[in-house]
Amino acid sequence: MTLDSQIFFDKIDFKLRTLLNDILGVVQEINLELRIRSDSFKEHESENRFGEKQLKIDLLTNEMIKQQLSRNGLVNTILSEEEDEIVEVGDRSCPYFVAYDPLDGSSLVKNNLPLGSIFAIWEGSSLIHKKGKDLLGAFYVIYGIKVTVVMAVRQLGVVQFVLENDNKTSFEVKGNLSIDSKNFSFGNMRACHGNRNLFRLLEHYVNEEKTLRYVGCLVVDCHKIISDQQGIFIYVNSKKQEPKLRLIFECLPLAFIIEELQGSAVDDQGKPILDIDIMDYYQRTSIILGSRNEVKRALQYLENEMG
Ligand code: FDP
């Protein structure tokens, strides 16, 4: 590690640091799998509990992370997007609960586009009635030309680094998000059909001559915002649709990182994602996140104050 990321890591509590390093170890192995095992990109004959077809690589990466977290004596429970239930991997004396999406955007793997993993670390052995504000830390990994990690730890802020092949990391400084943005990332645009206010928001971006930047992989679209230090991501449903994105695996960790960078992350009613009460492990939500003023403006359109 270079000095800056070493300083960040040195400030983290020893047990949490050990856990984070352990997960980064398995991330290196996942990266190798993605680069060398093209047979694992094929579909498996199964669906996850959200009704999404699973690829072999979804199951493989899930298993790799689960095995690693079962061995280290630090984790009592895991919750994965690719598991049907929570899995107790250690006894109650182990301090942490880890929720993860092993491979976000795996449907893009066949197109050779970047994708990522998302991790959230909690204290205790249940998340029911907890909120994002209780998160200890969260991070995501982008498997792109380089393997990039963006990590937020409560009270320590956010660090971004590139994982090199030899397990070393090189550090890149990242500042806070600016309050306005010139780019917008508009997921589920089809919802404009049944949501007039959402359509007006889209028109607003066109009239403002903003630039659309959208990959279709949540973690990659959010990373674009974080690395450009500006932008807004929207994934809102129409009145006929249920929300798609998952609160625990996807929205909470990304909201935690964005808020640490002075950005904002809310649902379509304006409720901060970090204030949503966890009632169910597989809860879903709409999300609007990114540059603070831009999020505020989007909400004004959705509440029909600007329509
Ligand atoms: P995908 O279904 O391709 O795995 O939650 C998963 C996710 O991708 C996100 O990464 C992405 O932002 C979103 O769903 C894309 O949803 P749409 O298919 O509705 O565009």
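What this report covers is the structure whose coordinates are included nearby.

**Looking at the packing of helix H2 (residues 14–36) against helix H3 (residues 56–71)**
The axes of two packed helices give the description: the angle between them and the distance between them. The contact between H2 and H3 brings their axes to 10 Å, and the two run at 155 degrees. By the angle class used here, H2 and H3 are roughly antiparallel. When you trace H2 past H3, the crossing you get is right-handed. Packed against H2, whose contacting residues are Leu19, Asp22, Ile23, Val26, Glu29, Ile30, Glu33 and Leu34, the element H3 presents Ile57, Leu60, Thr61, Met64, Ile65, Gln68 and Leu69 at the interface.

**Focus: the site of the ligand**
Around the ligand sit Asp104, Ser107, Arg190, Tyr214, Gly216, Cys217, Leu218, Tyr235, Lys244, Leu245, Arg246 and Glu250, and those are all the residues in its vicinity. At a separation of 2.9 Å, an oxygen atom of the ligand approaches a polar side-chain atom of Arg246. Interatomic distance of 2.7 Å between a side-chain N/O atom of Glu250 and an oxygen atom of the ligand. By residue class, the composition of the shell around the ligand is 5 nonpolar, 2 polar and 5 charged.

**Quick notes on the packing of aromatic side chains**
Here the structure, examined in full by the defined rule, presents 11 aromatic pairs. Within the aromatic cluster, the residues linked to one another by ring pairs are Phe8, Phe9 and Phe161. The ring centre of Tyr282 lies 3.7 Å from the NZ or CZ of Arg49, which sits over that ring. Its guanidinium or amino end placed over the ring of Phe50, Arg246 lies 4.4 Å from that ring's centre, counting from NZ or CZ.

**Details of the nonpolar core**
If you look at the biggest cluster of nonpolar residues, it comprises 46 residues, and the most contacted ones within it are Leu79, Trp122, Tyr140, Leu252, Ile273 and Leu289. With 10 residues, the single largest contributor to this core is helix H6 (residues 247–260). Setting aside residues up to four positions removed in sequence, Leu79 forms contacts with Ile86, Phe97, Val98, Ala99, Tyr100, Leu127, Ile248, Phe249, Tyr281 and Tyr282. By size, the runner-up hydrophobic cluster in this structure holds 40 residues, among which are Ile65, Leu74, Leu103 and Phe119.

**A look at the packing of helix H5 (residues 218–228) against H6**
It is the contact of H5 with H6, at a shortest axis distance of 11 Å, that shows an interaxial angle of 5 degrees. Classified by the interaxial angle, the pair formed by H5 and H6 is roughly parallel. For the pair formed by H5 and H6, the contact residues are Leu218, Val219, Cys222 and Ile226 on the first element and Glu250, Leu254, Ile257 and Ile258 on the second. A class-by-class count of the residues in the contact of H5 with H6 yields 7 nonpolar, no polar and 1 charged.

**A word on the pattern of salt bridges**
Within the structure shown, the criterion is met by 12 salt bridges. Here Glu81 and Arg246 are joined by a salt bridge, their closest N and O atoms 3.7 Å apart. Here Glu81, found in the loop between strand E3 (75–80) and strand E4 (87–88), pairs with Arg246, found in the loop between strand E13 (232–235) and H6; they are 165 residues apart in sequence, far enough to count as distant. Given the relative accessible area of 3%, Arg246 is considered buried.

**Overview of the sheet that holds E13**
Across the sheet, which stays open at both edges, the 5 strands sit in the order E12-E11-E13-E15-E14 with mixed pairing between neighbours. With one partner strand each, in any of the chains shown, strand E12 (211–212) and strand E14 (264–266) form the two edges of the open sheet. Relative to E13, strand E11 (residues 183–187) runs parallel, the two sharing 4 bridges. When the bridges of E13 are listed, Gly187 appears paired with Tyr235. Here helix H7 (residues 292–302) sits on the sheet and contacts E13, E14 and strand E15 (287–290); the angle it forms with E15, its principal contact strand, is near 150 degrees.

**Some details on H7**
Among all positions of H7, only Glu294, Val295, Ala298, Leu299, Tyr301 and Leu302 are buried. For H7, the buried positions fall inside an angular range of 155 degrees around the axis, keeping them on one side. Buried residues along H7 sit against helix H4 (196–207), E13, E14 and E15. Looking one or two places after H7, you find Asn304, whose phi comes out positive at around 65 degrees.

Rules of the game
- Residues numbered from 1 in each chain as written.
- Predicted model: local features only at pLDDT ≥ 70, side-chain atom pairs only at ≥ 80, totals over all residues.
- Heavy atoms only, no water.
- Axes fitted to C-alpha atoms, helices over the stretch in contact; angles between N-to-C directions.
- Helix = DSSP H or I, 4+ residues; strand = E, 2+ residues; numbered from the N terminus.
- Parallel < 35°, antiparallel > 145°, perpendicular 65-115°, else oblique.
- Left-handed = near helix turned anticlockwise from the far one by under 90°.
- Contact = heavy atoms within 4.5 Å.
- Near = heavy atom within 4 Å.
- Polar contact = N/O pair within 3.5 Å; in protein donor to acceptor, adjacent residues only side chain to side chain.
- Nonpolar A, V, L, I, M, F, W, Y, C, P; charged D, E, K, R; others polar.
- Phe/Tyr/Trp six-rings, centres within 6.5 Å; stacked < 30°, edge-to-face > 60°.
- Lys NZ or Arg CZ within 6 Å of the ring centre and 35° of its normal.
- Core = buried A, V, L, I, M, F, W, Y, C linked by side-chain atoms within 4.5 Å.
- Buried < 20%, exposed > 50% of the residue type's maximum accessible area, 1.4 Å probe, protein only.
- Salt bridge = Lys/Arg side-chain N within 4 Å of Asp/Glu carboxyl O.
- Pairing = 2+ DSSP bridges.
- Arc of directions from axis to C-beta.

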